[in-house]
Amino acid sequence: MQTQPIEIAKDIFYIGVSDPDIRTFDIVMRTANGSTYNAYLIKTSDGVIIVDTVKKEFQAEFFLHVEALCSYEEIAYVIIHHIEPDHSGALPQLIKKAPNAKVLISPQATTMLKAIIGSEEIAFETIWTNKQLKLGDKTISFLTTPYLHWPETMSSYVHEDKLLFSGDVFGSHYYDKRLFNDKVGDFSYAFAYYYEHIMRPFKSYVNNALKLYERFEIELIAPLHGPILRDNPHQYIELYTQWSHKQKPSEQKILSIFYLTSYKNTQEMAQSIMEGSESVEGVITNMYDLSSIEEPNMIKILEESDGFLIGTPTINADAPKPVWDLLSCLMFLEKAGKVAGAFGSYGWSGEAVDNIIIRLKSLKLRVPPLEPLKIKLIPSKDELKKCFDFGEEFAQILNGKMIEIDMA
Ligand code: FEO
């Protein structure tokens, strides 16, 4: 484990800490190789700048690093790119120790800052794109990069060193004491996994951030987690560019029908809905059996779908677990604009479809106000015709037919 600060550029030091034993981060992320909470210290001819802090449990080591490099009186600024507790955990103590420090944060972080410090009496200033800090021999430009991964997140660029402090962007949950990307083991899986879980739901914001980064010549990327990217940092920018690339809207709309079925009744409904939707020119429909589709594939299909339907039976007054698993995948995706709905066959009470519709609406998907398509047990010929009509109507809406959609 690192015990000394490490100089990563002229007068810029790594003062982060390691958490090699963590195996789950933020409840949902697996961290097989542990993680790090990266923080940095910049020594200038006119004072010291601290760049982010660490998780509270690790603050003692963080302060040892700070003390090895400067006195607390020398600290002029503390830049907080991201106020999530894994990066702001040591901030309350740091403010107490550093009497001359002013905190620099994005405007969106203000309320959270006051809540974390537990006081209104904080020396702070807000920063955003095009604002600059010039202290001694270092010049730092701030970049507003919201939603990467919280609404308040920022990046910044040190001109003299061509160094990008990227916040969570380009991070990995990957601990390796060798610290630099050219020294550590192969962390490509962790880099991609981090993108998929943290960045993918915000692809538009990633694209905006990449445009801001393009303004600068970047030789070194210092993220908030995982290896510091000094060897060919552009390969990581390129990966984000590829992963966040959005296909130009196609002429064709993609409708995915996910279904679960016990006695083939919901499956038959799905089949008729698909036939109805395929009667609409410009809509391509595919069917997927939820009982045997794995989560990464659910995410991929949902991401590529302009709209989707969920067919579910009702078991014990609810939809079975694979349906809820599918809905939980939406957490990793940009949902805006997707059209969604539900249908299903039931035996006794038939609550599953209504439960799913409520959930789809609460996720802010576009749910057309069609009559709920619920059929008791085996669909009759007439009922299958209803399914066909439902599919046709849904596909027309997907294709741009104007209707009022209640987004409440
Ligand atoms: Fe590393 Fe979003 O915190």
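Since this is a predicted model, take the numbers as computed values, not measurements.

## Remarks on the domain arrangement of the chain
Annotation of the chain at the domain level lists domain 1 (6-244) and domain 2 (253-398). Listed by partner, the interface residues are seven residues for domain 1 and six residues for domain 2. Buried area between domain 1 and domain 2, both sides added, is near 640 Å², and the carbon and sulfur share of it is 48%. Taken together, the links from domain 1 to domain 2 amount to two salt bridges.

## Topic: the pairing of strand β14 (residues 154-158)
In terms of burial, β14 is largely enclosed, as five of its five residues are buried. Here β14 shows two buried faces, one formed by Met 154, Ser 156 and Val 158 and the other by Ser 155 and Tyr 157. By the bridge criterion, five bridges tie strand β13 (residues 138-144) to β14 in an arrangement that is antiparallel. Across the sheet, Thr 144 pairs through a bridge with Met 154, a residue of β14. With three bridges joining them, β14 and strand β15 (residues 163-167) adopt antiparallel strand pairing. Pairing of Tyr 157 across the sheet is with Leu 164, part of β15. Connecting the antiparallel pair β14 and β15 is a turn made up of four residues, with Lys 162 showing a positive phi of about 55 degrees.

## Quick word on the sheet that holds strand β9 (residues 75-79)
A sheet is described by the order of its strands in space; here seven strands give the open sequence β1-β2-β7-β8-β9-β10-β11, paired in mixed fashion. Of all the strands in the sheet, the pair left with one neighbour each is β1 (6-9) and β11 (124-126). For this sheet the average axis-to-axis angle between neighbouring strands, irrespective of direction, equals 25 degrees. Relative to strand β2 (residues 12-14), β1 runs antiparallel, the two being bridged by three bridges. Its bridge partner lying in β2, Ile 6 is registered against Tyr 14. Along the sheet, helix α1 (residues 59-69) contacts β2, β7 (40-44), β8 (47-51) and β9; its crossing angle with β7, the most-contacted strand, is approximately 15 degrees.

About the thresholds
Residues numbered from 1 in each chain as written. Predicted model: local features only at pLDDT ≥ 70, side-chain atom pairs only at ≥ 80, totals over all residues. Heavy atoms only, no water. Domains from an automatic or database assignment. Contact = heavy atoms within 4.5 Å. Buried area = accessible area lost by both parts, 1.4 Å probe. Salt bridge = Lys/Arg side-chain N within 4 Å of Asp/Glu carboxyl O. Buried < 20%, exposed > 50% of the residue type's maximum accessible area, 1.4 Å probe, protein only. Helix = DSSP H or I, 4+ residues; strand = E, 2+ residues; numbered from the N terminus. Pairing = 2+ DSSP bridges. Axes fitted to C-alpha atoms, helices over the stretch in contact; angles between N-to-C directions.

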